[in-house]
Structures are given as C-alpha cells and as structure tokens.
Protein chains: 2
Amino acid sequence: MTAPAARALPDTLPAAGTSPTPTGPIPVPPPGSPRIDVPALTEVLLGSWAEVRRAARDRVARPELQRVEDLTVAQHRERVFTQMQLLADEGVSRIMLPESLGGPNDNGGNLAGFEELVMADPSLQIKAGVQWGLFTSAILQLGSREHHERWIEDAMSLRTPGAFAMTEIGHGSDVQSLATTATYDAETEEWVLNTPFRAAWKDYLGNAAIHARAATVFARLITQGVDHGVHCFYVPVRDADGALLPGISSEDDGPKGGLNGIDNGRLAFDHVRVPRTNLLNRYGDVAADGTYTSPIESPGRRFFTMLGTLVQGRVSLDGSAIRASQLALEIAIRYATQRRQFTGASPTQETVLLDYQSHLARLLPKLAATYAGAFAHEELLHAFDDVFSGRGDTPEAREDLETLAAALKPTSTRLALDTIQECREACGGQGFLAENRFVGLHHDLDVYATFEGDNTVLLQLVGKRLLADYTSDLKAIDAAGIGRFIAQRAEALSRRHTPWNRLVQNASDAGSARRSSQSLRSAEFQEAMLTERARLKVEEVALALRSASGKAPDEAAAILNKHQVELLDASRAHADLVRWRAFTAGIEGIADEGTRAVLTDLRDLFGLTLIEDDLAWFLLDGMISAQRGRALKKDVLRLLWRLRPHALDLVDAFGLEPAHVRAPIALGAEHERQEEAAAYFRRLRASADAPVSEKALHRARRDEERRARSRS
Amino acid sequence: MTAPAARALPDTLPAAGTSPTPTGPIPVPPPGSPRIDVPALTEVLLGSWAEVRRAARDRVARPELQRVEDLTVAQHRERVFTQMQLLADEGVSRIMLPESLGGPNDNGGNLAGFEELVMADPSLQIKAGVQWGLFTSAILQLGSREHHERWIEDAMSLRTPGAFAMTEIGHGSDVQSLATTATYDAETEEWVLNTPFRAAWKDYLGNAAIHARAATVFARLITQGVDHGVHCFYVPVRDADGALLPGISSEDDGPKGGLNGIDNGRLAFDHVRVPRTNLLNRYGDVAADGTYTSPIESPGRRFFTMLGTLVQGRVSLDGSAIRASQLALEIAIRYATQRRQFTGASPTQETVLLDYQSHLARLLPKLAATYAGAFAHEELLHAFDDVFSGRGDTPEAREDLETLAAALKPTSTRLALDTIQECREACGGQGFLAENRFVGLHHDLDVYATFEGDNTVLLQLVGKRLLADYTSDLKAIDAAGIGRFIAQRAEALSRRHTPWNRLVQNASDAGSARRSSQSLRSAEFQEAMLTERARLKVEEVALALRSASGKAPDEAAAILNKHQVELLDASRAHADLVRWRAFTAGIEGIADEGTRAVLTDLRDLFGLTLIEDDLAWFLLDGMISAQRGRALKKDVLRLLWRLRPHALDLVDAFGLEPAHVRAPIALGAEHERQEEAAAYFRRLRASADAPVSEKALHRARRDEERRARSRS
C-alpha cells in the first residue's frame with residue numbers, strides 16, 4: 001500500500017545536508033490589507049440560535065458522546081443507544097415540545113442543536129432524529145392531545161424507543177404507493193394492520209432491528225370498503241423485554257456503508273390489531289361505527305399536509321451537511337498550511353500544499369460554497385421556525401418552506417460528499433486514516449443524499465414548483481403584459497441565436513479586459529447572470545412542455561421525461577441563485593469592513609465558479625461573450641490567490657474547537673514533526689560529518705572540467 | 001433513517017385496487033435493429049490474457065476468498081492473511097517469476113490475474129500486491145541472482161511476509177526527499193539503517209503492523225562521506241515468533257477508510273545493522289572497503305531507473321479500477337431495469353428506473369467511459385508486458401509505458417470512485433446496504449486515488465512529459481518547419497479570437513442541424529476535436545512557460561505554479577484522447593456488425609460526453625460553433641435513448657457471474673418481490689372485497705354533479 005510517484009515537478013534533488021525543511025511563517029495577509037474579524041464572523045455563522053448551538057457544541061465535545069473507531073455493528077449500536085439515553089436524560093430535545101406539553105416550542109433551536117450532533121457521531125445524530133424528529137414528531141404533529149398525553153413523555157425520555165415506519169422495500173420516495181393496509185374492524189373497534197407481500201415490508205427504519213418498542217406506521221386507511229389513502233398509526237412492536245409482539249416480524253438490515261450505530265431494519269405486520277384510537281387522527285378520523293371524517297376534504301391535499309412535517313428532517317440535514325463540510329475543510333485546509341511537499345518556489349524549502357495552485361483550486365471553491373450554504377441554511381431555519389412556531393403558518397409559507405428545503409437539502413448533501421472526498425484526497429494517505437475523520441464522515445453522510453427524500457426526487461419537486469409558478473405567472477399577467485412577455489421572449493431567443501453581438505455587456509466591455517474583469521466581480525453582474533439563468537432554464541422546459549398539455553397522462557409523462565435532465569438542471573440553477581443571494585445578503589449584514597471585503601471575494605469566487613461550471617450554457621445562450629468567458633477563468637484563478645492569505649481565518653471562523661475537530665493532522669502533529677526534522681537538519685549542517693551528495697559532487701566535477709577546458 | 005420525498009412527478013394517486021404493478025417485458029432492441037453478440041464481446045473484453053483471467057475469476061468465485069462484512073479490523077486482517085496463504089499455496093503469483101527462477105516470466109498474465117482479485121476483496125488484492133508486486137518484485141528487480149536465491153522462494157511462499165518500506169510520514173509521493181539513512185560501516189562490513197526523526201518513519205506499509213518478517217527499505221545510501229541517494233535494502237524486522245527485532249519499532253496505522261484487511265503500519269530503525277550484501281545492488285553497489293559503483297552514472301537517471309519497477313502497481317490498479325467500475329455498473333444497471341418507481345409513462349404501471357432520462361444520464365456515460373477504460377487498459381497491459389518481458393525493453397518504451405500508466409491510473413481510479421458513488425446513489429437505500437457491494441467497493445477503492453502515486457502528482461508527471469515532448473518537437477523541426485508551425489499558431493490564435501466564422505465546419509454545416517449532428521457522431525470529428533484539444537492545451541501552457549526559461553529555479557517554479565491547473569487539465573485531455581483512441585481501435589478489431597454498431601454508439605457517447613464536459617473550452621477556442629454546441633447536447637440525450645435497449649447486453653458482456661456480483665439486488669430479488677406484488681393485486685382485483693379509493697369516489701361524485709348541472 002505504498003509506492004508513490006517516482007517523479008514530480010521540479011526534479012531537483014536537494015543536497016542531503018540541506019534537505020528541504022519547513023521554515024518561515026505561514027502566509028498571513030500583508031499589513032494594511034483587509035483582515036477578517038474572526039470572533040465576530042464566528043458569531044455571524046452561529047446565527048440566531050447561537051446559544052443553543054454553543055450548548056450543543058459543549059455537549060459534542062464530551063468524549064462519551066463521540067464516535068470511536070473499529071467497533072462491530074453490534075457494539076456501535078449499543079454505544080449509540082447508551083448515548084441516546086444520555087441525551088434523553090439531559091432533555092436535549094424537550095425544547096421542541098409545544099407550550100401545551102410544557103415546552104418552549106423552540107423548533108428552530110431544536111434543529112440548530114440537533115445539527116451540531118453530526119460532529120460527535122452522525123449515527124447518534126440520525127438515531128436522535130429517528131426518535132425525536134420522526135417518531136415523536138409524528139405523534140406530536142399528526143396526533144391529538146390525548147395521543148400526546150399517552151405517548152409523548154415516554155418517547156421523549158426514551159422509555160419507548162420508536163421506529164418511523166413509512167418507507168417500504170418496494171416504495172421509497174414514492175410514499176403515495178405504499179401498500180401496507182390498516183383496515184377498520186367496527187365489531188371490535190380495532191385497526192388490522194397488514195403487510196400484504198414482501199415488497200410492502202417497512203424497510204431501512206432506524207430502531208426497527210433491535211430497540212423499537214413502538215412504531216408510527218404509515219398504512220392505507222380502509223374503512224367501510226373505501227381506501228382513504230396513507231395515514232399514520234401508533235403500533236406497539238416489542239414488549240418490555242424486547243420480544244416482538246404477536247404478528248410483528250422484524251429483520252435486520254445488517255451492515256451498511258455508514259451510520260452503523262443505528263439498528264436499521266424491517267418490520268412487517270400480520271393482521272396486527274390496535275385500538276381505534278391508535279390512529280393519529282389530526283387530519284383524518286374514524287368513528288366507532290367506521291365512518292371516516294377529515295378536516296381536509298381533498299385526499300391529495302390531506303396527504304401532503306400530513307407529510308408536510310417531514311420537512312423538519314430535510315431542514316436539519318441541510319444544516320448538518322454544512323457543518324460536516326466545515327469540519328472537513330477545517331481539517332484539510334489547516335493541514336494544507338502545514339504540510340510541505342516538493343520543492344516548488346524555493347529549491348531548499350518545500351512548499352506548503354496550500355501554496356500549490358491546484359490545491360487552492362481543489363479546496364477554496366468548496367470553502368466558498370460551504371459559506372454560501374451556511375448563510376442559505378440560516379434563512380431556511382428561519383423559514384422553518386416561522387412556520388412551525390405557528391407565527392407564520394400559512395399554506396403559502398409552508399409551500400415555500402418545502403420548496404426551499406427541497407432545493408437546499410440536495411445541494412448541501414451533495415456539497416458535503418464532494419467536499420469530504422476532495423479533502424480526504426487532498427490529505428493523501430493521512431486522509432485515509434480513520435483518526436483524521438474524513439472517511440468516517442463520508443461513510444456516514446453518504447446516505448444523506450438519498451434518505452429523507454432522495455436528492456433527485458426532491459430536485460424534481462423543486463422543478464415542478466418552478467414550472468407551476470412560471471405557468472401561473474403567465475396566467476396572472478394581462479393582455480398588455482402578455483404582449484410584453486412575448487416581445488421579451490422574442491428578444492431572448494434572437495439573442496440566443498445571434499450570440500452576444502446585441503448585448504450591452506459587450507459594448508461596455510469595449511475591449512478592456514481589466515474593466516471586463518472588474519465587472520465580472522460586481523454583484524450586479526453575478527446576480528443578473530444567475531437570475532437570468534434560473535429563469536431561462538425553467539422557461540425552456542416550460543416551452544418544451546407546452547406540447548404535453550391536453551395529452552393523455554402517459555403521453556404527457558413521456559414528454560416530460562424527455563426533458564427531465566433539463567428540469568433537474570433548472571432546479572439546481574434555482575438552488576444556486578438562492579444560495580448566492582443568501583451569501584450576498586449575509587455579507588450585507590456584517591459591519592466590519594475587513595470581514596466584508598474578504599467575504600465579498602469569497603462570494604465572488606462562489607458566483608464566478610457557479611458561472612464557470614455552466615459556462616458553455618452561458619456562451620450558447622449568448623449571455624456571456626467569449627471575451628468575458630476567458631476573463632472569467634483567469635479571474636477565478638486570481639481570486640484563489642487573493643483569498644489564500646485568508647484561508648486559515650476563514651476556517652477559524654467556523655469556531656470549531658479541538659474537541660470537535662479531533663483529527664491529529666489538524667491539531668499540530670504535522671507541524672511538530674516538521675520542526676523536529678528541521679532541527680535535525682540544522683544540527684547536521686552545523687556538524688562535521690554531514691555527507692555530501694553525489695549529485696553535488698557530479699556538479700562540482702562538471703564545473704571543474706568546464707573551468708579546466710576554458711583554461712586550456 | 002426513513003421519511004422519503006412527499007411528492008414527485010406526476011402525482012396521480014393510483015386507485016387502491018389497481019395499485020401500480022410491474023408488467024411487461026424489460027425493453028430489448030426491436031427486431032431488425034443491431035444486437036450485441038454478447039459472448040463474443042465478452043471474449044474481446046477478456047483480452048489477450050483471457051485464460052489467466054478466467055482462472056482468476058474461478059478463484060474469485062470461491063467464498064473462502066471473498067470479503068465478509070462486519071469484521072473488526074483484527075478479524076479482517078486475520079482472514080485476509082489466511083486467504084493470502086491459500087493464494088501462496090496455489091502458486092498464484094509464480095507466473096511472474098523469470099526463467100532463471102523456473103517461471104514463465106508472464107508479467108502481463110500476472111497482472112491480469114491480480115486485477116480480478118478486486119472482486120473477491122480489495123484488501124486481499126492489495127495485500128497480495130504488497131507481498132508479491134512490491135516486496136518480492138523489489139528483490140527481483142533491484143537485487144542480484146544471489147538475492148533471488150536467498151529470498152525469493154520464501155517471499156513467494158509467504159514464509160517471509162514482507163513490507164515495502166518506501167513512503168515516509170513526511171514524504172509520500174516525493175520519494176527523492178526520503179530521510180531514512182543507510183550508512184556503510186567498512187569496519188564490520190555492515191549497513192546501519194537509521195530513522196533520524198519522526199517524519200522519517202516509514203508509514204502506510206502493508207504488512208508492517210503485524211505480519212511482516214522482513215522489509216525492502218528505501219534509504220539514502222551513505223558511504224565514505226557521500227550520499228548516493230535512495231537505494232533499497234533487505235532488512236529483517238521480526239523473528240519467527242513475530243517479535244520485533246532489536247532496533248526495529250513498529251506502530252499500527254489503525255482503522256482506515258477501507259482495506260481494513262491489511263495491517264498497514266509504520267516502521268522505524270534505530271541504528272539497525274544488516275550485512276553489506278543486503279543492499280539490493282543491481283543499480284548501485286558498495287565494495288567491502290566502502291567504494292561505491294553503479295552501472296548508471298547519473299544519480300538522477302539511476303534513481304528513476306530503480307523506481308521504474310513501480311509502474312507495475314499503477315498498471316494493475318488501472319485494470320482493477322476498471323473491473324470495479326464494471327461490477328458497480330452491472331449491479332446498478334441490472335437493478336435499474338427491474339426496479340420500478342412512480343408512475344411515469346403509464347398511470348397504472350410504474351416506470352423502471354432506467355427508463356427515466358435522468359437515470360440514463362447518470363449511468364450510461366459512466367458505462368461508456370468504463371468501456372473506453374477497458375480498451376485502454378488492454379493497451380497499457382501490452383505495453384507493460386512488452387517492456388517487462390524484455391521483448392521491447394528500451395528506454396523510450398519504458399518512458400512511454402510510465403507516461404501511459406501515469407495518465408491512465410488517475411483517470412480510471414477517478415472513474416471508479418465516481419461510478420461506484422453514482423451507482424450507489426442510483427440504488428437509493430438498497431445501495432447503502434453493505435450486501436449490495438457499492439459501499440464496500442467505494443471504501444476500499446478510495447485510497448486507489450492517492451496511493452501508488454497520488455493522482456495529482458501522476459498527472460503532473462504526464463504534463464511534464466507532454467511539455468518536454470512539445471519542446472523537443474519544436475527543436476526537431478527545421479527552419480521551414482518552424483515557419484509552418486508559426487503560421488499554424490497564428491492561424492489558431494486568430495481563430496480563437498474571431499470565433500468559428502473561419503472554420504470549415506460551419507460552412508459544411510450550412511444550417512442543417514441534422515447534418516451537423518451526423519457529423520458530430522463521426523469518428524473523424526471527435527478525433528479531430530480531442531486531438532486538437534490535447535495539443536492546444538499543452539501548447540498554451542508551453543507558451544505561457546516561455547517566460548520561465550532562464551529564470552532562477554524559484555522564479556521558474558512560481559511561474560509553473562501559476563499554470564498548474566492548466567497543466568493538469570492538459571494531462572487529462574491527453575488521457576481522454578488515449579482512451580478515445582483505444583476505444584475506437586478496439587471497435588475496429590471486432591468482426592460482428594451488430595456489436596460494432598452498438599459499440600460505435602457507445603463510443604460516440606463517450607466522445608461527445610468528453611466534448612460536452614469541456615464544451616466551454618471548445619466554444620471559447622472557436623473549435624465548436626454555438627450551433628454545434630447546441631446540437632451536441634441534444635445528440636448526447638438522443639444517444640442515451642438509442643443505447644437504452646442495449647444496456648443489459650452491455651453489462652452482460654462483462655462476463656461477471658453471480659458469484660462475482662453477489663449483490664442481491666442484481667440477482668433477481670427485486671424482480672421476485674415485484675412479481676409477488678403483482679400477483680397480489682391481480683387476486684385483489686378479481687375478488688369482491690377490493691376497496692375503492694376515496695379519490696376515485698371524489699372523481700365519480702364530481703362527474704355526477706357535473707352531469708346533474710348539465711341536466712338542470
């Protein structure tokens with residue numbers, strides 16, 4: 001597992017006595033240049049729920065709550081269950097409880113604290129999410145006061161570990177197609193829960209394999225011969241000794257790619273009977289005689305209302321993914337400012353990794369995107385808190401919240417996986433050791449991309465919403481407006497087919513690369529580009545789908561399917577815009593000028609990288625000229641060097657303590673080793689018995705021969 | 001760990017009695033359209049060493065050689081060591097032995113067989129690579145006949161498990177800067193090996209933590225006060241009972257991100273003495289009195305010659321990475337042809353995943369790149385076998401081989417990681433279960449990107465070679481040639497700044513999108529684009545670096561560093577061209593017309609995807625017009641649908657047996673579950689007590705109200 005590259009640039013072999021050693025300070029911003037006010041920026045990043053976050057970070061710093069390596073699946077599960085009991089005993093999640101149950105109903109704070117748990121052990125985080133964010137929340141959100149009084153306290157205290165039994169083997173993200181049935185028996189006033197076939201087994205449920213005593217089971221409610229669609233039922237599954245109750249089957253999902261501290265498993269129900277009142281009946285109820293009633297008439301709207309509570313999981317995964325990205329960047333960037341490898345700018349001193357252009361290009365755009373994600377998440381958390389506190393709970397606000405979560409969760413979980421992987425590779429062999437954290441984070445966060453709403457499915461949801469908004473915008477404008485719209489469309493299309501010669505930007509560029517570059521970095525330019533792109537991409541799909549209207553559903557679906565890649569692309573463009581705007585708004589709220597200046601460079605790097613990643617589209621659409629396109633690439637590289645001296649400040653501002661970081665390579669081990677090596681070479685140079693290198697002898701001999709020839 | 005997406009397109013709720021069930025055959029090519037001759041294509045892919053590969057695959061199919069999940073690090077290491085003994089007893093690697101040691105000297109065959117091991121357990125593969133590919137090979141390649149006789153048999157039989165002690169904590173891919181010393185003591189005729197400081201500990205060495213009895217240690221050879229650079233020494237490290245010998249220290253690297261079946265660890269030497277004859281002296285020797293001699297005068301060339309044997313590891317990782325990609329695609333694509341989710345093209349029948357455009361777009365380009373990689377690897381393996389058999393062992397051939405390996409190993413290991421991850425996500429929760437293989441493959445192959453030559457360092461090596469070739473080409477051409485060259489340059493530059501209006505392609509396009517698209521798919525167009533790109537990217541860096549010539553080394557290095565990203569980019573463009581050409585040449589060697597037709601589509605997908613991924617560059621450089629750029633994107637999507645019916649044939653042709661695949665989701669489990677569900681719904685529909693859906697009732701009521709209104 002060794003055998004590294006034989007050669008690299010440049011191939012100067014250092015003289016043995018002057019073997020390259022680290023010297024000189026790590027670059028910091030030159031005097032007079034803007035500096036980040038690190039503590040102030042940390043406060044900004046901690047956001048509105050700073051106090052909860054700080055308390056949660058203190059908790060996360062305790063070794064007994066942290067992951068240890070090299071446990072079997074069984075050992076890891078046991079450890080996490082013990083940790084769960086600690087959290088329960090300390091009442092960590094009680095701030096989510098409504099006033100009626102004696103809590104402060106602090107939903108934003110609850111998620112903020114939850115997000116920090118990812119730094120202890122993602123398994124603990126997700127196990128807590130299953131218990132309180134899903135199982136307890138289902139009772140809370142879908143049940144009545146009576147249900148709360150019967151079950152919430154035991155769920156909060158972990159006396160009743162619970163599973164959230166929604167997903168089935170046969171149907172993951174498509175909840176509407178679940179096949180488990182709950183049929184009402186009016187004779188006994190009971191529900192009969194049944195799993196009709198193997199594909200209808202509930203699967204991937206945290207707590208299901210071992211710990212769950214009860215489950216909130218999603219099943220098709222059938223009464224009086226009518227299937228009222230998916231509802232949620234409270235179903236005991238194990239007795240006090242942990243033995244499965246009659247009619248309940250369970251299987252273990254076995255080892256997974258990560259999160260092995262959670263006992264994911266399957267549940268099936270063989271005509272299991274529970275009392276009528278075990279239906280969580282907030283949005284649909286059945287009287288003793290079997291008559292169904294609901295406050296929401298439309299079965300479709302009722303279904304989506306019930307599932308609306310799931311947004312909580314997506315919001316919190318968005319925040320957790322950002323925290324994991326920060327952690328990875330903290331480790332990789334700190335290491336990259338200490339680790340030296342190959343003689344680059346100096347023949348006797350090796351270059352620190354972060355002074356290589358390619359290393360900057362690997363890490364800094366990820367750092368910029370992580371900042372953007374952090375600001376965007378704070379906005380999402382506020383939107384969530386507004387709705388769930390009831391302060392701003394309107395159907396529109398709920399829909400906006402769901403769309404925002406559906407746009408950001410896929411973006412940040414993708415970013416986290418890509419960032420962790422890039423950081424791991426950027427640290428070479430050290431990055432592969434478990435102690436340095438990357439690999440564990442990647443293993444655990446891997447599934448964040450496909451659970452709590454598969455990323456592709458969520459982006460499709462966003463696309464659908466964007467299309468609907470686009471269509472209703474069109475409907476809302478009057479005749480004159482439509483005329484204007486058509487004219488704009490025509491202009492846009494013509495622009496697209498006679499590229500850029502009609503564009504204002506070219507006129508204002510007037511051949512000055514410098515001016516062109518300055519304007520690339522202007523917020524107005526970036527916003528215009530990202531806004532237009534988000535709009536045009538939706539518009540293109542909408543226009544392409546016009547032919548689908550009025551078609552039979554299968555034909556319409558086939559037409560949509562021919563534009564699915566574009567629709568997902570439009571959703572990503574939307575998410576990019578959201579993040580860019582959040583980043584920009586976040587900077588506007590910062591008072592310190594130095595901090596603003598550096599963050600503006602970082603925001604520019606984010607914006608220009610987004611544009612660069614999709615540059616072909618901008619060029620083809622005539623939105624960016626070839627001249628600007630070339631300037632853009634150079635500008636991105638220039639920004640990397642401008643930001644280089646601030647890299648450490650930017651990760652320092654995450655406010656992570658050694659007890660959160662834990663990776664030896666980020667805690668000075670590398671620096672210590674280099675100091676020791678440097679001291680050794682200093683002693684050697686000062687001593688009489690330093691060997692001279694054969695290469696130096698060859699060089700000396702050649703020089704002498706040359707001199708001899710010139711003498712003769 | 002559940003809670004999937006609430007909504008997705010389209011949101012039709014199926015009537016309960018007609019719940020979506022899988023029906024209909026998986027699409028196959030329509031009659032009359034080209035079909036792949038699967039067995040024949042399998043033969044082509046097995047390549048020149050088909051017999052060895054088949055034997056290796058039979059071995060890999062044996063459960064006792066396969067990975068099992070949920071072992072502790074200690075258990076996994078023990079299991080792999082036992083498996084190693086099996087391989088040794090069966091003499092698996094003996095085909096690498098030269099005639100002088102009674103072997104057939106079948107180097108190509110040895111690597112071919114080694115590559116297949118990745119399907120059993122990558123830990124076993126890499127542990128075998130350490131023992132025979134590195135430790136034994138070092139003795140073989142760097143030692144004399146006497147060394148062979150003393151040590152090879154015990155190394156082959158695993159009586160002497162060995163470590164390959166090259167990498168140090170402080171220096172990974174930069175082998176020239178290693179700090180371990182081997183100082184000759186003429187009095188006792190011994191080498192004194194010493195680790196001068198912590199950063200000089202040997203690290204990441206397979207076998208070092210537990211099993212190694214000896215090590216081939218790379219250290220600076222110092223004799224008579226001169227440092228002759230890095231040489232290799234045979235050093236016993238543990239006694240027969242496994243206890244460390246005096247002066248040897250060892251540490252365990254602990255749990256890693258993967259490959260935990262290997263006991264990676266560290267070794268340090270505290271003035272450890274070995275006899276003079278333990279220097280592996282093929283390229284440098286010391287007489288009893290301490291006089292140093294070498295058949296290679298230049299210390300630099302000597303060093304690179306010694307390290308040239310390392311190419312073997314890179315070649316074999318290239319092949320292994322391709323095999324891992326094939327395995328992942330086999331699992332994900334097979335599952336995607338069975339798994340159904342959401343009602344797409346039909347309201348009553350769910351759509352198989354592979355019929356979604358986005359799913360095709362995720363998987364098929366990876367499939368195309370994997371085919372390209374397989375053809376390219378076969379060429380690399382031939383180049384390796386030619387050199388190592390001695391048949392074509394010239395300095396030029398060695399350099400070409402090293403450059404080819406340095407270009408392909410980073411490309412295929414990157415592809416493998418990206419493909420496995422994409423496949424894992426494309427299979428949702430199932431993809432995260434260890435039993436379905438993706439996560440284990442990703443964990444284990446992760447480090448393939450940074451060991452045996454870090455990918456970035458290797459690509460830099462390629463870039464350096466390309467630059468050198470470019471410069472020597474310039475030097476080689478005569479005055480007339482230089483005139484021609486300058487004219488071409490001028491033309492290219494002018495073309496780049498007055499985009500595409502001077503290009504022939506536009507004239508021949510003449511506005512016909514259809515013709516433009518056909519020519520995009522022509523091999524000539526793709527080759528021209530990829531060749532020009534590879535050339536121009538090197539040329540751009542070369543021109544930018546002209547200012548560095550004659551500068552002091554530190555200034556020159558700084559200038560180079562400002563173009564490092566471009567240089568790496570040029571190397572990747574070179575690797576793309578190599579792969580595209582290998583794919584194309586591979587197709588030319590196939591007789592069957594149907595196979596050729598489908599593979600040509602796949603090659604086109606590969607070529608056009610490469611161009612699409614870098615489309616902005618082609619547009620900015622004026623090599624592709626906006627019109628063609630737009631056609632290209634559409635063409636890629638069209639190719640996905642054209643290839644869709646052949647997807648299963650294309651993975652079938654990999655020739656992997658169930659014992660290689662092992663993932664339940666790829667072996668019919670999903671299909672079985674769907675059949676059972678379908679039968680259930682058929683029975684339900686036929687019975688009297690199928691519930692009617694509330695949604696259907698609502699619809700019926702609305703229809704009746706409408707009729708009532710129209711009657712009144």
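Fair warning: this is a prediction, and the values are worked out from it, not measured in the lab.

Asks: So, the overall build of chain A: which residues are in play, and what are the values?
Replies: Broken down by element type, chain A carries 26 helices and 14 strands. The proportion of buried residues among the 712 residues of chain A is 62%. The contacts of chain A with a sequence gap of at least 6 include a subset with a gap of at least 24, amounting to 76%.

Asks: Explain the interface of chain B and chain A to me, and be specific about the residues and the numbers.
Replies: By a frequent convention, interface size equals the accessible area lost on bringing the separate parts together. Chain B puts 145 residues into the contact, and the matching count from chain A is 145 residues. Interface area, chain B with chain A, both sides summed: about 12,900 Å², of which 60% is carbon and sulfur. Between Arg701 of chain A and Glu297 of chain B there is a salt bridge, and its shortest N-O distance comes to 3.8 Å. The interface formed by chain B and chain A holds 53 residue pairs in polar contact (both at pLDDT 80 or more) in total. In terms of residue class, the side of chain B that touches chain A is made up of 70 nonpolar, 38 polar and 37 charged. Relative to strand β14 (residues 692–693) of chain B, strand β6 (residues 226–236) of chain A runs parallel, the two sharing two bridges. Bridge pairing in β14 of chain B links Asp227 of chain A to Ser693 of chain B.

Asks: Describe in detail the confidence of the model for chain A, supporting the description with residues and values.
Replies: Residues and elements named next belong to chain A. Predicted confidence across chain A gives a mean pLDDT of 89, with 89% of residues reaching 70 or more. Here residues 1–26 is a poorly scored stretch, pLDDT under 50, and it has 106 contacts once near neighbours within four places are set aside; other chains count. Low confidence marks residues 496–514, where pLDDT is under 50. Its contacts with residues over four positions away, or in another chain, come to 39 contacts. Here the complex is predicted with pTM 0.93, and the ipTM for its interfaces comes to 0.93.

Asks: An account of the relation of the copies chain B and chain A is requested, with residue identities and associated values reported.
Replies: When chain B is fitted onto chain A, the two copies agree to an RMSD of 0.1 Å after a turn of 180 degrees and an axial shift of 0.0 Å. Read as a symmetry element, the transformation amounts to a two-fold axis. Looking at the rotation axis and the C-alpha trace of chain B, the residue lying nearest is Ala616 of chain B, at 2.1 Å. Most of the interface of chain B is mirrored in chain A: 100% of its interface residues are interface residues there too.

Asks: Lay out the sheet that holds strand β8 (residues 265–269) of chain B with the relevant residues and their values.
Replies: All names here are of chain B. Spatially, the three strands line up as an open sheet ordered β4-β8-β7, and their pairing is antiparallel. Two strands bound the open sheet, and with one partner strand each, they are β4 (202–205) and β7 (248–252). Sheet twist, expressed as the mean angle between neighbouring strand axes with direction ignored, is 25 degrees. Judged from the two bridges that link them, β4 and β8 form a sheet pairing that is antiparallel. Each bridged residue has a counterpart across the sheet, and for Lys202 the counterpart in β8 is Leu267.

Asks: Break down the sheet that holds strand β7 (residues 248–252) of chain A for me, with residues and values.
Replies: Residue and element names in this part refer to chain A. Read from one edge of the open sheet, three strands run β4-β8-β7, paired in antiparallel fashion. Each edge of the sheet is formed by a strand with only one pairing partner; in this case those strands are β4 (202–205) and β7. Recorded for the sheet is a direction-independent mean angle of 25 degrees between the axes of neighbouring strands.

Asks: Residue-level account of the packing of helix α17 (residues 523–545) of chain B against helix α19 (residues 564–588) of chain B, with values.
Replies: Residues and elements named next belong to chain B. At a closest axis distance of 9 Å, the pairing of α17 and α19 adopts a crossing angle of 155 degrees. The angle between α17 and α19 places the two elements in the roughly antiparallel class. For the crossing formed where α17 meets α19, the hand is left-handed. Taken together, the residues of α19 that come into contact with α17 (itself represented by Ala523, Gln526, Glu527, Leu530, Thr531, Arg533, Ala534, Lys537, Val538 and Val541) are Glu566, Leu567, Asp569, Ala570, Ala573, His574, Asp576, Leu577, Trp580 and Arg581. Considering only residue class, the contact of α17 with α19 consists of ten nonpolar, three polar and seven charged.

Asks: Can you break down the environment of Leu245 of chain B residue by residue, with the values?
Replies: Residue and element names in this part refer to chain B. In this structure, Leu245 sits in the loop between β6 (226–236) and β7. Residue class for Leu245 comes out partly exposed when judged on its relative accessible area of 24%. The sequence separation of Leu245 and Arg213 amounts to 32 residues, and the corresponding C-alpha distance is 9.3 Å. When near neighbours in sequence (up to four residues on either side) are disregarded, Leu245 contacts Pro236, Val237, Arg238 and Asp239.

Asks: Would you mind going over helix α1 (residues 38–46) of chain B in detail, with residue names and values included?
Replies: Residues and elements named next belong to chain B. Within the sequence span of α1, burial applies to Val38, Leu41, Thr42, Leu45 and Leu46. All buried residues of α1 project into a common sector of 145 degrees when viewed along the axis, lining one side. Against the buried residues of α1 lie α2 (50–60), α9 (357–388), α20 (593–613) and α23 (647–652). Just downstream of α1 lies Gly47, where phi reads positive at about 75 degrees.

Asks: An account of unusual backbone geometry is requested, with residue identities and associated values reported.
Replies: Even without glycine at this site, Tyr204 of chain A takes up a positive phi of about 65 degrees. Here Tyr204 of chain A shows up in strand β4. Notably, Arg662 of chain B is not glycine yet its phi reads approximately 65 degrees, a positive angle. Position of Arg662 of chain B among the secondary structure elements: in the loop between α24 (658–661) and α25 (669–686).

Asks: How would you summarise α2 of chain B if you had to cite specific residues and measurements?
Replies: By the burial criterion, the buried members of α2 of chain B are Ala50, Arg53, Ala56, Arg57, Arg59 and Val60 of chain B. For α2 of chain B, the secondary structure elements touched by its buried residues are α1, α3 (73–89), α4 (107–116), α8 (311–336), α9 and α24 of chain B.

Asks: Got a sec to walk through the side chain of Glu425 of chain B? Specific residues and values, please.
Replies: Within the fold, Glu425 of chain B resides in helix α10 (residues 395–426). Of the polar contacts made by the side chain of Glu425 of chain B, one reaches the side chain of Arg414 of chain A; its length is 2.7 Å. When sequence neighbours within four positions are dropped, the list of residues in contact with Glu425 of chain B reads Arg414, Leu417, Ala449, Thr450 and Asp454 of chain A together with Arg362 of chain B.

Asks: How would you explain the side chain of Arg334 of chain B if you had to name every residue and give the values?
Replies: As for its placement among the helices and strands, Arg334 of chain B is situated in helix α8. By relative accessible area, which is 16% here, Arg334 of chain B ends up buried.

Asks: Which residues make up the pattern of salt bridges, and what values do they have?
Replies: Tallying each qualifying case throughout the model produces 120 salt bridges over all chains. In this structure, the salt-bridge partner of Glu425 of chain A is Arg414 of chain B, at a minimum N-O distance of 2.7 Å. Of this pair, Glu425 of chain A sits in helix α10 (residues 395–426) while Arg414 of chain B sits in helix α10, placing the two residues on different chains. Take Glu425 of chain A: its relative accessible area is 5%, and that puts it in the buried class. Arg535 of chain B serves as the salt-bridge partner of Glu539 of chain B, at 2.9 Å between the closest nitrogen and oxygen. Here the residue Glu539 of chain B and the residue Arg535 of chain B both occupy positions in helix α17, the gap between them amounting to four residues, near one helical turn. Salt bridges linked by common partners bring Arg533, Lys537, Asp569, Asp576, Arg579 and Asp614 of chain A together as one network.

Conventions we followed
- Residues numbered from 1 in each chain as written.
- Chains lettered and ligands numbered in written order.
- Predicted model: local features only at pLDDT ≥ 70, side-chain atom pairs only at ≥ 80, totals over all residues.
- Heavy atoms only, no water.
- Helix = DSSP H or I, 4+ residues; strand = E, 2+ residues; numbered from the N terminus.
- Buried < 20%, exposed > 50% of the residue type's maximum accessible area, 1.4 Å probe, protein only.
- Contact = heavy atoms within 4.5 Å.
- Buried area = accessible area lost by both parts, 1.4 Å probe.
- Salt bridge = Lys/Arg side-chain N within 4 Å of Asp/Glu carboxyl O.
- Polar contact = N/O pair within 3.5 Å; in protein donor to acceptor, adjacent residues only side chain to side chain.
- Nonpolar A, V, L, I, M, F, W, Y, C, P; charged D, E, K, R; others polar.
- Pairing = 2+ DSSP bridges.
- pLDDT = per-residue confidence, 0-100.
- Least-squares fit on C-alpha atoms with pLDDT ≥ 70 in both.
- Axes fitted to C-alpha atoms, helices over the stretch in contact; angles between N-to-C directions.
- Parallel < 35°, antiparallel > 145°, perpendicular 65-115°, else oblique.
- Left-handed = near helix turned anticlockwise from the far one by under 90°.
- Arc of directions from axis to C-beta.

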